[in-house]
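Notes for the structure review
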Amino acid sequence: MVAFKSCPRCHGDLLISRKIEDVSCLQCGYELKPAERETLLARINQRARRLPVAA
Ligand SMILES: [Zn+2]
């Protein structure tokens, strides 16, 4: 999964591994700290919940 423009350092795209233990930036290689990762994942989950449920 990729989180676009979510890198705290360069606003690049973050690559989230399937296990979600490892989130790093595709542009600058920055690895998110645990706290930053939590914030990102919370935001992603929030966005997913806001999507309309398919009928
Ligand atoms: Zn970056």
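Residues numbered from 1 in each chain as written. Predicted model: local features only at pLDDT ≥ 70, side-chain atom pairs only at ≥ 80, totals over all residues.

**Some points on the overall build of the protein**
Per the secondary structure count, the protein includes 1 helix and 3 strands. Ordering the α and β elements of the protein from the N terminus gives β-β-β-α. Considering only C-alpha atoms, the protein reaches an extent of 40 × 20 × 15 Å along its principal axes. Counting across all 55 residues of the protein, residues that qualify as buried make up 9%. Sequence-distant contacts in the protein: of pairs separated by 6 or more residues, those separated by 24 or more amount to 11%. (Helix = DSSP H or I, 4+ residues; strand = E, 2+ residues; numbered from the N terminus. Buried ≥ 20, exposed ≤ 12 C-beta atoms within 10 Å, placed from the backbone. Contact = placed C-beta atoms within 7 Å.)

**A short note on the sheet that holds strand 3 (residues 23–25)**
Across a sheet, strands are paired by hydrogen bonds formed along the backbone, either parallel or antiparallel in direction. Here 3 strands make up an open sheet; going across it, the order is 1-2-3 and the pairing antiparallel. In this open sheet, the two strands that pair with only one neighbour each are strand 1 (2–3) and strand 3. Relative to strand 2 (residues 14–16), strand 1 runs antiparallel, the two being bridged by 2 bridges. In the sheet register, Ala-3 faces strand 2, and the bridge partner there is Leu-14. (Pairing = 2+ DSSP bridges.)

**Concerning helix 1 (residues 34–50)**
End to end, helix 1 covers 25 Å across 17 residues, agreeing with the expected 24 Å (1.5 Å per residue, within 8%). Within helix 1, only 0 of the 17 residues are buried, which leaves the element largely exposed. (Expected span 1.5 Å × (residues − 1).)

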